[in-house]
Amino acid sequence: MAKSSGASIFPSRRVRRTPFYEGVTAAGMSVCTVYNRMILPSVFEGEVYDYHHLKKHVQVWDVSCERQVAVQGPDARRLMDMLSPRDLDRMADDQCYYMPAIDRDGGLLNDPVLVKLAEDHFWISLADSDYLQYVLGIRDALGLDVRVWEPDVSPLAVQGPKSDDLMARVFGDAARDIRFFRYKKLAFEGQEFVVARSGYSKQGGFEIYVEGTENGMPLWDALFAAGEDLEVRAGCPSTRERVEGGLLSYGNDMDRSNTPYEIGLGKFVNSPRDYIGKAGLASRSEPERQIRAVEIAGDELTPIAGIWPLLADGRKVGQVTSAGWSPDFNTTVSIAMVDRSHWDAGTRLEVETTDGMRPATVHEKFWI
Ligand code: THG
């Protein structure tokens, strides 16, 4: 008999609830995970239902767990210049940058979105790792005059093809004019929020950086009231959709053993400054392995939890780190780290899944 997975999470201050907790519970959150020590919904109606709905309509996602590290003060830019491999000189005042965060050796510590609020004020929108402590350590070691803290800011994502219509109804037509990875400060009930065109899906959409826990549920309710005829639903990042799109997940697809070059972010290693890790990275710019899209043959597999080894002639040449059945492409799509010797498009491999060996093929590109 299959083991029950019917356990629930014990209430605790260590596992934080979000400002939208009441909303996601009422909307039928059926599975959740923990990310940056905060609840992150994983499933509402069902993984396949949620996936199709995301691609057809519009969803509101509680991604509060994308916590911000706020960096503000006279030395804010000096601190960011130490942390960022990406050149910040041309970053506009209303811009967001996908930024590899690295240690001295070039090992990845996080892959945040950096939001520039002002010359002396940034938010680092984190993936799942305790990067705040690293930032504090660098600040204190260098004795910089800058405040570093976790503000009461909780991103709420609006994703899907009808995102523009829903956002225009709640924030006005100005939302439609926001460009990719840019933001505007838009008002809801007298409160101004940073609203960016970004998000962890390839379906288009926005992220509202909701400041003030008390503002969470009024905004949540307004989005659902305004979007009824758009068939708005509560949603969350979809593993299959983000794997189709090649969106990486820190802790799954990469960790400190990887460099930005290995995960395809070499293009974001371009800062002229002497940032931490510059020398370490310099010797690692020709990686021996890299992220690849890999198609796995056969029918739907038991979900991955951990890694699936990739083999060529019985020898390990990589590992699959994220995978899921794609209803639209009628195959199992995956993200893998593959050795140079076997990373060319079309290379045929074998993957040791939870359900046994399966044929696998390195794809030219991700699916969407
Ligand atoms: N939004 C915000 N914060 C976040 C995420 C987010 N923090 C955690 C996590 N997601 C960080 N990781 C990513 C991974 C991919 C992208 C954003 C954050 C992403 N990538 C696009 C792509 O690869 O196509 C665009 C990258 C670019 O070229 O600029 O969007 O989602 N606030």
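Thresholds, definitions, all that
- Residues numbered from 1 in each chain as written.
- Predicted model: local features only at pLDDT ≥ 70, side-chain atom pairs only at ≥ 80, totals over all residues.
- Heavy atoms only, no water.
- Helix = DSSP H or I, 4+ residues; strand = E, 2+ residues; numbered from the N terminus.
- Rg over C-alpha atoms; globule rule 2.2 N^0.38 Å.
- Buried < 20%, exposed > 50% of the residue type's maximum accessible area, 1.4 Å probe, protein only.
- Contact = heavy atoms within 4.5 Å.
- Near = heavy atom within 4 Å.
- Polar contact = N/O pair within 3.5 Å; in protein donor to acceptor, adjacent residues only side chain to side chain.
- Nonpolar A, V, L, I, M, F, W, Y, C, P; charged D, E, K, R; others polar.
- Core = buried A, V, L, I, M, F, W, Y, C linked by side-chain atoms within 4.5 Å.
- Phe/Tyr/Trp six-rings, centres within 6.5 Å; stacked < 30°, edge-to-face > 60°.
- Lys NZ or Arg CZ within 6 Å of the ring centre and 35° of its normal.

**Student:** So, the overall build of the chain: which residues are in play, and what are the values?
**Tutor:** Summing up its helical and strand segments, the chain has eight helices and 21 strands in all. Expected size for 368 residues packed as a compact globule is a radius of gyration near 21 Å; at 21 Å, the chain falls within 12% of this value. On the principal axes, the C-alpha backbone points of the chain span a range of 60 × 50 × 40 Å. For the chain, the residues scored as buried account for 56% of the 368 residues in total. Taking the contacts inside the chain whose residues are at least 6 apart along the sequence as the reference set, 66% of them involve residues at least 24 apart.

**Student:** Account for the site of the ligand, naming residues and giving values.
**Tutor:** Residues in close proximity to the ligand total 17 residues, the closest being Asp 111, Ser 125, Lys 202, Glu 207 and Tyr 209. Leu 126 places a main-chain nitrogen or oxygen 3.2 Å from a nitrogen atom of the ligand. Here the shell around the ligand is built from residues that sort into 11 nonpolar, two polar and four charged.

**Student:** Outline the nonpolar core, supporting the account with residue identities and numerical values.
**Tutor:** Counting 33 residues, the largest nonpolar core has Leu 166, Met 167, Phe 171, Ile 208, Leu 219 and Leu 223 as its most contacted members. Among the secondary structure elements, those contributing two or more residues to this core are strand E11 (153-159), helix H5 (163-171), strand E12 (183-188), strand E13 (191-196), strand E14 (205-211) and helix H6 (216-226). By size, the runner-up hydrophobic cluster in this structure holds 23 residues, among which are Leu 79, Leu 83, Met 99 and Val 146.

**Student:** Help me get a handle on the packing of aromatic side chains, residues and values and all.
**Tutor:** Applying the stated criterion to the full structure yields eight aromatic pairs. Ring geometry for Phe 180 versus Phe 181: centroids 4.7 Å apart, planes at 50°, classification tilted. For Phe 181, a relative accessible area of 17% corresponds to the buried category. Pairwise contacts between aromatic rings join Phe 20, Trp 220 and Phe 224 into one cluster. Here Arg 86 stacks its cationic end above the ring of Tyr 97, 3.7 Å away from the centre of that ring. Over the ring of Trp 149 we find Arg 147, and its NZ or CZ is 3.8 Å from the ring centre.

**Student:** Describe in detail H5, supporting the description with residues and values.
**Tutor:** Listed as buried for H5 are Ser 163, Leu 166, Met 167, Ala 168, Val 170 and Phe 171. Buried residues along H5 sit against strand E3 (59-62), E11, E12, E13, E14 and H6. In the segment just after H5, Gly 172 is the residue with positive phi, at about 95°.

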